[in-house]
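Structural characterization, general
Below, each chain spelled out in residue letters.
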Amino acid sequence: PMLDGNAGNIRVGVDMSSIRTTTRQVGTLLGLVAVGVILAGVGAAFVVGRSIARPISELVAAADRFDPSADVPLVESRSSDEIGDLTERLNRMMARLKSAHDEQARARQNEVGTERMAALGTLVAGVAHEVNNPLAGLKNCLRRLQRDDLLPPEKRQEYLELMEEGLERIEAAMR
């Protein structure tokens, strides 16, 4: 310490080189700690990112390959967090889609069967009509021939020809 000519004042001198050295050492240490924290944060972000990205990529791949006409492979849930919840929901959704697709296929099959039955009914009704009309004519001719013994031969021949025509129509309808 130095005494100044003024009474009551003391001048104290400090060597600034030691303060600069200490400041430099503390700055270097803080810089290394900051770099370490940054590297640890990047590493942790990479690990966490991979642990989130991988399951989500698997869910996206499962959704992309989903085919409701095939058996539904369940996506394996590896966790009980939000990703696990999302996996379970995707599995339920795929099962519902598969069920709806199967129901739609059954409805289409029933519709085809119904259309076939309707077509068959129309065909049978047409054949019945083609058979019943000539049969009615045959019955009328037969009754007339049975009732009236005094029919002229040409009328008798006409009725016989009408009966033969009716039988040919029935035969043609059955082909």
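Check the entry above for the structure.
Residues numbered from 1 in each chain as written. Predicted model: local features only at pLDDT ≥ 70, side-chain atom pairs only at ≥ 80, totals over all residues. Heavy atoms only, no water.

As a further point, take the overall build of the protein chain. For the protein chain, the helix and strand inventory stands at three helices and two strands. Put simply, the protein chain runs from its N terminus to its C terminus through helices and strands in the order β-β-α-α-α. Considering only C-alpha atoms, the protein chain reaches an extent of 175 × 35 × 20 Å along its principal axes. Taking all 175 residues of the protein chain together, 13% fall into the buried category. Taking as baseline every contact in the protein chain between residues at least 6 positions apart, the subset at least 24 positions apart corresponds to 53%. By element, 60% of the accessible surface of the protein chain is carried by carbon and sulfur atoms, the whole surface being about 14000 Å². The average position of the 22 basic charges and that of the 25 acidic charges among the side chains of the protein chain differ by 7 Å. (Helix = DSSP H or I, 4+ residues; strand = E, 2+ residues; numbered from the N terminus. Buried < 20%, exposed > 50% of the residue type's maximum accessible area, 1.4 Å probe, protein only. Contact = heavy atoms within 4.5 Å. Areas by Shrake-Rupley, 256 points an atom, 1.4 Å probe, with all protein chains shown as cover. Lys, Arg positive; Asp, Glu negative; His and termini not counted. Charge placed at Lys NZ, Arg CZ, Asp CG, Glu CD.)

Quick look at the pattern of salt bridges now. Counted under the stated rule, the structure contains four salt bridges. Among the ionic pairs, Asp85 bridges to Arg89, the shortest N-O distance being 3.3 Å. With a gap of four residues between them, Asp85 and Arg89 both fall in helix H2 (residues 82–147), about one helical turn apart. For the salt bridge of Arg106 with Glu103, the shortest nitrogen-to-oxygen distance reads 2.9 Å. On the criterion of helical spacing, the pair formed by Arg106 and Glu103 is a turn pair, its members being three residues apart in helix H2. Accessibility expressed as a relative area gives 46% for Arg106, which makes it partly exposed. (Salt bridge = Lys/Arg side-chain N within 4 Å of Asp/Glu carboxyl O.)

So, on to the packing of helix H1 (residues 16–65) against H2. With their axes 11 Å apart at the nearest point, H1 and H2 run at an angle of 5° to one another. Here H2 runs roughly parallel to H1, going by the angle between their axes. Residues Pro55, Ile56, Leu59, Ala62 and Ala63 of H1 touch H2, and the partners they reach there are Ile83, Leu86, Thr87, Leu90 and Met94. Class assignment of the residues belonging to the contact of H1 with H2 gives a composition of nine nonpolar, one polar and no charged. (Axes fitted to C-alpha atoms, helices over the stretch in contact; angles between N-to-C directions. Parallel < 35°, antiparallel > 145°, perpendicular 65-115°, else oblique. Nonpolar A, V, L, I, M, F, W, Y, C, P; charged D, E, K, R; others polar.)

What follows covers the nonpolar core. Judged by nonpolar contacts, Val131, Leu138, Cys141, Leu145, Leu151, Tyr159, Met163, Ile170 and Ala173 together constitute the single largest core of nine residues. Among the elements of the structure, H2 and helix H3 (153–173) are those that each provide at least two residues to this core. Ranked by size, the runner-up nonpolar core spans six residues in total, among them Leu59, Ala62, Leu90 and Met94. (Core = buried A, V, L, I, M, F, W, Y, C linked by side-chain atoms within 4.5 Å.)

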